[in-house]
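Examining the three-dimensional arrangement
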2 protein chains.
Amino acid sequence: MSKVSFPALSRVAVCGGTHGNELSGVYLVREYLRRKHNQRNAQESFTLMMVMSNPRAVQQCRRYTETDLNRCFTRATLRTATSFKRESRRLISTPISDKTPYEIVRSQELNGLLGPKGSPEAMDLVCDLHNTTANMGLCFISFSDSDWICLHIYRHLQRELATIPVRYIHFDTPKNEAYSLESVGKHGFAMEIGPQPHGSVRSNIFVAIQEGVEQMLEWIHLFNSGTQFEGGSVEVFTLVKNIDYPRDPETRAITAAIHPDLQDRDFCLLHPGDPLFLSFSGETLRYKGKEPLYPFFVNECAYYEKGIALSLARRRRVVIPSIQCDRDR
Amino acid sequence: MSKVSFPALSRVAVCGGTHGNELSGVYLVREYLRRKHNQRNAQESFTLMMVMSNPRAVQQCRRYTETDLNRCFTRATLRTATSFKRESRRLISTPISDKTPYEIVRSQELNGLLGPKGSPEAMDLVCDLHNTTANMGLCFISFSDSDWICLHIYRHLQRELATIPVRYIHFDTPKNEAYSLESVGKHGFAMEIGPQPHGSVRSNIFVAIQEGVEQMLEWIHLFNSGTQFEGGSVEVFTLVKNIDYPRDPETRAITAAIHPDLQDRDFCLLHPGDPLFLSFSGETLRYKGKEPLYPFFVNECAYYEKGIALSLARRRRVVIPSIQCDRDR
């Protein structure tokens with residue numbers, strides 16, 4: 001594959017607190033703001049904006065106050081929210097109330113600040129910081145498996161971070177349906193890190209995400225300065241499907257938990273017949289799929305309400321080209 | 001020490017969901033109710049009541065809805081809540097609103113159901129199930145270090161549970177000031193188990209708490225049936241003090257997390273000079289106490305708001321007498 005050139009990444013945003021109880025990003029953003037990062041980065045080759053995405057949820061230490069902010073950035077919702085504000089309340093699917101849900105209002109503000117999504121004015125790169133209770137290490141999550149910028153940053157972190165495994169998860173969804181905050185940027189990914197209980201900070205996880213962000217900024221500076229990054233191939237996990245907990249058909253309460261043999265074994269190949277759940281009455285339920293797949297988001301606390309006990313991915317290698325900044329553009 | 005005799009434990013309550021996002025107890029209580037435990041225990045030597053303590057918080061999967069239910073059972077609050085309902089809103093220290101806080105109302109209901117606290121009608125034993133994000137294994141938490149019933153049950157579980165360490169934490173507080181649900185019973189303790197993120201269920205933790213409750217019920221049945229339990233000595237951890245996170249003097253936001261060397265090392269002796277916190281700017285803060293003490297509740301997620309980063313205890317041995325049920329009383 002020949003070399004691909006991109007314009008410099010001149011405007012970069014790092015966001016925390018998109019989910020208000022995922023505290024690594026909350027405290028990292030606060031720490032950068034305290035250090036007045038803008039002074040430092042004035043000497044760098046790009047401007048860096050640190051964003052506290054959902055300050056009201058952060059203040060309450062909850063994932064969100066009314067609706068999940070990180071599901072509000074589809075083109076449809078961004079358009080609908082505008083219509084909502086202008087005209088009619090019937091256009092959005094949130095419950096009718098006297099007020100627009102806070103997160104819908106906030107998604108508009110963030111789209112103005114970091115976007116507008118899909119426009120030439122959008123941030124060159126948006127990195128959105130998240131935590132998971134699953135034992136996933138540090139994961140890039142992206143709606144693209146051909147964003148060479150993101151994939152090169154991923155490879156850089158994989159090489160540089162010594163204390164934590166780094167992986168890349170690809171959600172194979174059309175860009176228009178991409179629902180999360182980082183999709184507002186020209187390039188973007190979520191940086192998901194765990195395990196950490198929501199509402200708490202673990203030092204090892206904080207240090208790892210801090211190092212991840214620093215290494216990303218270092219890569220951007222190198223890229224903007226003209227460094228050529230060689231091509232190669234990287235490992236990507238593409239989401240195949242989600243599996244819900246067994247539930248009581250009437251109450252919808254879960255009737256089993258992740259099996260001890262699967263708990264904390266994210267990215268360890270799950271074979272047909274392997275234990276999946278252990279019911280509260282002691283019965284082992286097994287994986288009935290026909291294809292071995294890689295589990296992730298195993299027992300993510302925030303996904304009980306979304307009907308996801310774990311996700312399953314296919315692993316493959318993606319060839320990436322050499323890239324270099326086109327400094328004349 | 002000579003033998004001590006007690007009346008039979010005829011009425012026993014096991015409570016879950018006192019904190020609505022501590023799910024081991026929530027799902028264990030549901031599972032017992034599903035199995036119609038009362039039929040089974042009709043053949044036993046005691047009646048067993050399973051209680052979902054805070055159903056509204058369980059429904060919302062939050063610790064509490066308005067105020068922490070498990071701080072509402074002091075005699076003063078139970079009295080005040082009654083006054084509150086009858087007369088004045090100024091008597092309680094919760095924010096003034098049009099409604100009595102739900103948890104205050106609920107503490108009254110529970111005191112009626114399981115108590116009244118300090119009365120002859122109170123449950124013989126109340127066991128309240130809790131989870132912690134700290135790596136504490138299974139802990140009894142009690143306001144007494146001389147409740148021989150609780151200490152004998154503790155010793156029984158320590159002997160019988162193979163997969164998880166069992167310890168006894170003593171809060172040296174006058175009985176009148178005991179604030180938690182289990183203090184409503186004639187005998188009572190909290191069964192605290194972790195680590196588990198709040199809002200999630202881990203199978204290993206569920207299996208351990210289930211086994212803990214089963215072994216407790218087994219002990220009660222043996223006791224009521226006339227078995228004599230020999231005296232001896234047991235290990236007890238008595239709370240000495242709590243330590244808060246370092247905080248920004250203006251915003252009160254925490255400025256450090258538990259040090260990686262201390263994280264997950266509950267009940268491992270902490271010596272003067274040992275690392276306590278790692279600040280977000282990378283500085284190690286050390287333990288400045290003069291006495292080596294045992295840390296517990298290290299980085300318990302729900303205690304950020306209470307100003308507790310960890311608790312410290314002194315370890316000692318308590319001599320317990322032989323006990324037997326006085327079946328004539």
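Parameters and conventions
- Residues numbered from 1 in each chain as written.
- Chains lettered and ligands numbered in written order.
- Predicted model: local features only at pLDDT ≥ 70, side-chain atom pairs only at ≥ 80, totals over all residues.
- Heavy atoms only, no water.
- UniProt positions renumbered as here; feature names shortened; annotations may be inferred.
- Contact = heavy atoms within 4.5 Å.
- Buried area = accessible area lost by both parts, 1.4 Å probe.
- Salt bridge = Lys/Arg side-chain N within 4 Å of Asp/Glu carboxyl O.
- Polar contact = N/O pair within 3.5 Å; in protein donor to acceptor, adjacent residues only side chain to side chain.
- Nonpolar A, V, L, I, M, F, W, Y, C, P; charged D, E, K, R; others polar.
- Buried < 20%, exposed > 50% of the residue type's maximum accessible area, 1.4 Å probe, protein only.
- Helix = DSSP H or I, 4+ residues; strand = E, 2+ residues; numbered from the N terminus.
- Pairing = 2+ DSSP bridges.
- Right-handed = clockwise from strand over helix to strand, strands pointing away.
- Least-squares fit on C-alpha atoms with pLDDT ≥ 70 in both.
- Disulfide = S-S within 2.5 Å.

As annotated in an unreviewed UniProt entry, chain A carries the name N-acyl-aromatic-L-amino acid amidohydrolase and is attributed to Alosa alosa. Recorded in UniProt for chain A, the comment headed Sequence similarities (unreviewed entry) runs: "Belongs to the AspA/AstE family. Aspartoacylase subfamily."

1. Considering the interface of chain B and chain A
On the side of chain A, 31 residues touch chain B, which itself brings 31 residues to the contact. Across the chain B/chain A interface, buried area totals approximately 2,400 Å², and carbon plus sulfur atoms make up 59% of it. At the boundary of chain B and chain A, one finds two salt bridges. Across the pair Asp264 of chain A and Arg202 of chain B runs a salt bridge whose closest N-O atoms are separated by 2.6 Å. Our count for the chain B to chain A interface comes out at eight residue pairs in polar contact (both at pLDDT 80 or more). Considering only residue class, the side of chain B that touches chain A consists of 14 nonpolar, ten polar and seven charged.

2. Brief notes about the pairing of strand E6 (residues 166–170) of chain A
Residues and elements named next belong to chain A. Where burial is concerned, most of E6 is hidden: five out of the five residues are buried. Residues Val166, Tyr168 and His170 of E6 are buried on one face, and the alternating residues Arg167 and Ile169, pointing to the opposite face, are buried as well. The pairing of strand E5 (residues 137–142) with E6 spans five bridges and is classified as parallel. The residue bridging Ile141 from the neighbouring strand is Ile169, located in E6. For the handedness criterion, the β-α-β arrangement of E5, helix H6 (residues 148–160) and E6 is classed as right-handed. With two bridges connecting them, E6 and strand E8 (residues 232–243) associate as parallel partners. The partner of Ile169 across the bridge, within E8, is Phe237.

3. Describing the pattern of salt bridges
All names here are of chain A. Tallied over the entire structure, the rule returns 25 salt bridges over all chains. A salt bridge links Asp124 to Lys186; the nearest nitrogen and oxygen atoms lie 3.4 Å apart. In this pair, Asp124 sits in the loop between helix H5 (102–114) and strand E4 (125–131) while Lys186 sits in the loop between E6 and strand E7 (187–194), placing the two residues 62 residues apart along the sequence. Asp124 gets classed as buried once you look at its relative accessible area, which sits at 12%. Within the structure, one salt-bridge network assembled from shared partners comprises Glu22, Arg63, Asp68, Glu305 and Lys306.

4. Some details on unusual backbone geometry
Excluding glycine, residues mostly have negative phi values, and the peptide bonds linking residues are mostly trans. Put simply, Gly115 of chain B and Pro116 of chain B share a cis peptide bond, and its omega is -5°. Counting through the fold element by element, Pro116 of chain B comes out in the loop between helix H5 (102–114) and strand E4 (125–131). Between Gly194 of chain B and the following residue, Pro195 of chain B, the backbone shows a cis peptide bond with an omega angle of 10°. The phi dihedral of Cys61 of chain A is positive, around 50°, even though this residue is not glycine. Counting through the fold element by element, Cys61 of chain A comes out in the loop between helix H3 (55–60) and helix H4 (75–86). Positive phi, close to 60°, is recorded for Asn299 of chain A, a residue that is not glycine.

5. Considerations on the side chain of Asn54 of chain A
Residue and element names in this part refer to chain A. Relative to the elements of secondary structure, Asn54 occurs in the loop between strand E3 (47–52) and H3. The buried category is assigned to Asn54, whose relative accessible area is 0%. Discounting residues that sit within four places of it in the chain, Asn54 has contacts with Gly17, Thr18, Arg63, Tyr64, Leu69, Tyr102 and Glu103.

6. Some details on the relation of the copies chain B and chain A
Placing chain B over chain A gives an RMSD of 0.0 Å and needs a rotation angle of 180°, together with 0.0 Å of translation along the axis. Here the symmetry operator amounts to a two-fold rotation axis. Every residue of chain B has its C-alpha some distance from the rotation axis, and the shortest such distance is that of Pro197 of chain B, at 2.4 Å.

7. Quick word on the state of the cysteines
Within the structure shown, the criterion is met by zero disulfides over all chains. No disulfide involves Cys72 of chain A; its sulfur sits 14 Å from the nearest other cysteine sulfur, which is in Cys15 of chain A. Of all cysteine sulfurs, the one in Cys15 of chain B lies closest to Cys127 of chain B, which takes part in no disulfide; the gap is 7.9 Å. For Cys127 of chain B, a relative accessible area of 0% puts it in the buried group.

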